[in-house]
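Listed below, chain by chain, are the residues.
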Amino acid sequence: MSIESLGRSVRATVSGFPGGFWWLWLSTLVNRTGAFVLTFLSLYLTQELGYSAWFAGLVVALHGLGGVAGSPLGGTLTDRWGRRPTMVSMHLAAAACAALLSVVTSAWGVALVVLLMGVAMQAVRPSINASIADMVPAHDVRRAYALNYWALNLGFAVAAIGGGVAIVLGYRTLFLVDAAATALCALIVFLRLPETRPEARIDQATGETLEEEKVSVLTVLRDAPFRTLVLLNLLVCLVFTAPWIGLPLTMAGEGLAPSAYGAVIAVNGIVIVGFQLLVNKVTDKRSPVMLLTVSSLLFALGTGATALAGSSVAFGATVVIWTIGEMVHVPTNAAATARLAPEHARGRYQGVMGMSWAVAGFVAPILAGGIVDGPGPDVLWIACAVIGAVAALGYQTRLRSALSEAEGEGESEGESKRQEQRKGDGGVESVTGAKGVGQATGDAEAAGQDVGSGAEAAGQAAVDAGSVTAKASA
């Protein structure tokens, strides 16, 4: 591919979005560029405060547990209160938690602050995803989620590199920088991103406001196709999270140093930052069912092949395989969620979907660690391959009809209505009938430091895996 054709592909990938999307994209980049807490928390707890690796792992679990509660809370606030106020308030809450971590040192205090930080960080993701669906035409939503996910990973890569250099200033200084970056993110949203929540529908005959169907988390879970999508995504999330815990332990068992794990897992961030735009181009306009199936198989192949690896190069190759699956799966799953969600309940649907990421971030570290310590790492990787294959089969057999119908509606009537009701305000659509990820690339450099134990490295990775939003959040 020539430089000229590559340039055309990049322009095609980033073109056609309203100005509001790019302000949201910038806020994601700023937020993740300063994400030092998630990257260096386990090192801070063990090296600075002198806590055990076991306690660091417990704090990781609490962060994930906070996300389980925060995701549906954020979804409800997004639909009832609005996208913009939810984003601003949750970003400020996360900033306050990051600042508190620079001064709180007691075990109970640290545990509580990290739990609340998990709530705040996961609660903001439904509002981000709902805002993207509100602003972007239906046929471009998956591409928009992919670009936002790219910004998230680019920011994490910068944070890990910059944090590694700036760590001489001390962990507390990094946490304060994290707080400042998150507050700046909230300021960008407050100043530049108008509210995009759908306006109430009006009865054309009487002029009265129509009552929308009340939607709760239980209502969302009664939606059979969406419930299936959530459960299948949970399976994929478990497979995706497993390498961040099992891989350092497996490599340590092969006699490889912690620095080797840092180099191998860095491949994840390098591939995403370097090739996400190309993957977007290749997968654009493809069937969501096909993309979800292929991504699940890539997860199965990449993690399953880990059982056969024995060198850093071989482990790195497995990371490349499941990273490609990650780049395909995260934006496609977010777009599928947006397609299945009613316009007035997009926040709640994204919130329930976010719970699957948070639950995986809480459960996977426990399961992966227990399997490695018990039956052994080969059993873990074989189980991951089986789970990934089951998820692929589920997408093909259980969701083909539902996602195909939703895709057709989004491209026809729904898109026509959205175009008619578009209101320009700095490039932002206020749609009257209209609509995070993850987050684990920072683990690469953190794990590359001499943490002194594979369990500690796994605990650090679990922090970011549990916050996905996700990665993703996207």
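Residues numbered from 1 in each chain as written. Predicted model: local features only at pLDDT ≥ 70, side-chain atom pairs only at ≥ 80, totals over all residues. Heavy atoms only, no water.

Turning our attention to the overall build of the chain. In terms of helices and strands, the chain carries 19 helices and two strands. Evaluated residue by residue, the chain yields a buried proportion of 57% over its 474 residues. Of the roughly 17,500 Å² that the chain leaves accessible, carbon and sulfur atoms contribute 66%. (Helix = DSSP H or I, 4+ residues; strand = E, 2+ residues; numbered from the N terminus. Buried < 20%, exposed > 50% of the residue type's maximum accessible area, 1.4 Å probe, protein only. Areas by Shrake-Rupley, 256 points an atom, 1.4 Å probe, with all protein chains shown as cover.)

With that settled, the discussion passes to the nonpolar core. One finds F226, L229, L247 and Y395 to be the most contacted residues of the largest nonpolar core, which totals 53 residues. Elements represented by at least two residues in this core include exactly helix 10 (224-253), helix 11 (258-283), helix 12 (288-305), helix 13 (312-340), helix 14 (346-373) and helix 15 (377-398). For this core, the leading source of residues is helix 10, giving 13 residues. Setting aside its immediate chain neighbours within four residues, L247 contacts A242, Y261, V264, I265, T306, F315, V319 and W381. (Core = buried A, V, L, I, M, F, W, Y, C linked by side-chain atoms within 4.5 Å. Contact = heavy atoms within 4.5 Å.)

There is about 120 Å³ of room inside the largest cavity. Taken together, 14 residues form the lining of the largest cavity, with N31, R32, A94, M121 and T182 sitting closest to its centre. Those elements that provide at least two residues to the lining of the largest cavity are helix 2 (19-33), helix 3 (36-48), helix 5 (83-101), helix 6 (107-135) and helix 8 (171-192). No other element matches helix 6, which puts four residues into the lining of the largest cavity. Tallied by class, residues from the lining of the largest cavity come to nine nonpolar, three polar and two charged. (1 Å grid on protein atoms, 1.4 Å probe; cavity = no way out; pocket = protein on both sides within 12 Å on 5 of 7 lines; lining within 4 Å. Points joined across faces, edges and corners; volume = space filled by probe spheres on them. Nonpolar A, V, L, I, M, F, W, Y, C, P; charged D, E, K, R; others polar.)

With that out of the way, let us pick up the pattern of salt bridges. Taken as a whole and assessed by the stated rule, the structure comprises six salt bridges. The partner of R172 in a salt bridge is E48, and the shortest N-O contact between them spans 3.0 Å. Of this pair, R172 sits in helix 8 while E48 sits in helix 3, and the two are 124 residues apart along the sequence. The exposure class of R172 is partly exposed, given its relative accessible area of 29%. The closest approach of N and O atoms between R143 and D140, which form a salt bridge, is 2.9 Å. Taking relative accessible area as the criterion, R143 reaches 8% and is therefore assigned buried. (Salt bridge = Lys/Arg side-chain N within 4 Å of Asp/Glu carboxyl O.)

Within the secondary structure layout, L292 lies in helix 12. The exposure class assigned to L292 is buried, which follows from its relative accessible area of 0%. As for L292 and T332, which are separated by 40 residues in sequence, their C-alpha atoms are 6.9 Å apart. Those residues in contact with L292 that lie beyond four places of it in its chain are L229, H329, T332, N333, Y395 and L403.

This brings us to the packing of aromatic side chains. Per the stated rule, a full pass over the model turns up 14 aromatic pairs. Both rings, one in Y44 and one in F175, keep their centres 5.0 Å apart while their planes meet at 80°; by these two values the pair is edge-to-face. Of this pair, Y44 sits in helix 3 while F175 sits in helix 8, placing them 131 residues apart in sequence. An identical accessibility class is assigned to Y44 and F175; each is buried. A centroid spacing of 6.1 Å and a plane angle of 75° characterise the contact between F240 and W322, whose relative ring orientation is edge-to-face. In this pair, F240 is assigned in helix 10 and W322 in helix 13, connecting sequence segments 82 residues apart. For the pair shown, F240 and W322 are each scored as buried. By the ring-pair criterion, three or more aromatic residues cluster together here, those being F17, F21, W22, W25 and W150. (Phe/Tyr/Trp six-rings, centres within 6.5 Å; stacked < 30°, edge-to-face > 60°.)

Attention now goes to the packing of helix 2 against helix 8. Where helix 2 contacts helix 8, the two axes come as close as 8 Å, and the packing angle between them is 170°. Judged by the inter-axis angle, helix 2 sits roughly antiparallel to helix 8. Of the residues in helix 8, those in contact with W23, L26, S27, V30 and N31 of helix 2 are A181, T182, L184, C185, I188, V189 and R192. Here the contact of helix 2 with helix 8 is composed, by residue class, of eight nonpolar, three polar and one charged. (Axes fitted to C-alpha atoms, helices over the stretch in contact; angles between N-to-C directions. Parallel < 35°, antiparallel > 145°, perpendicular 65-115°, else oblique.)

On to helix 8. The end-to-end C-alpha distance of helix 8, which contains 22 residues, comes to 31 Å, matching closely the 32 Å that a straight helix rising 1.5 Å per residue would cover. Within the sequence span of helix 8, burial applies to Y171, L174, F175, D178, A179, A181, T182, C185, A186, I188 and V189. (Expected span 1.5 Å × (residues − 1).)

Glancing now at a nonpolar patch on the surface. There is a patch of nonpolar side chains on the surface, built from L184, L187, F190 and L191 and spanning about 390 Å² of accessible area. Note on placement: L191 falls in helix 8. (Patch = residues over 30% accessible without salt bridge, like charges linked within 9 Å, V, L, I, M, F, W, Y side chains within 5 Å.)

None of this, on its own, says anything about what the molecule does.
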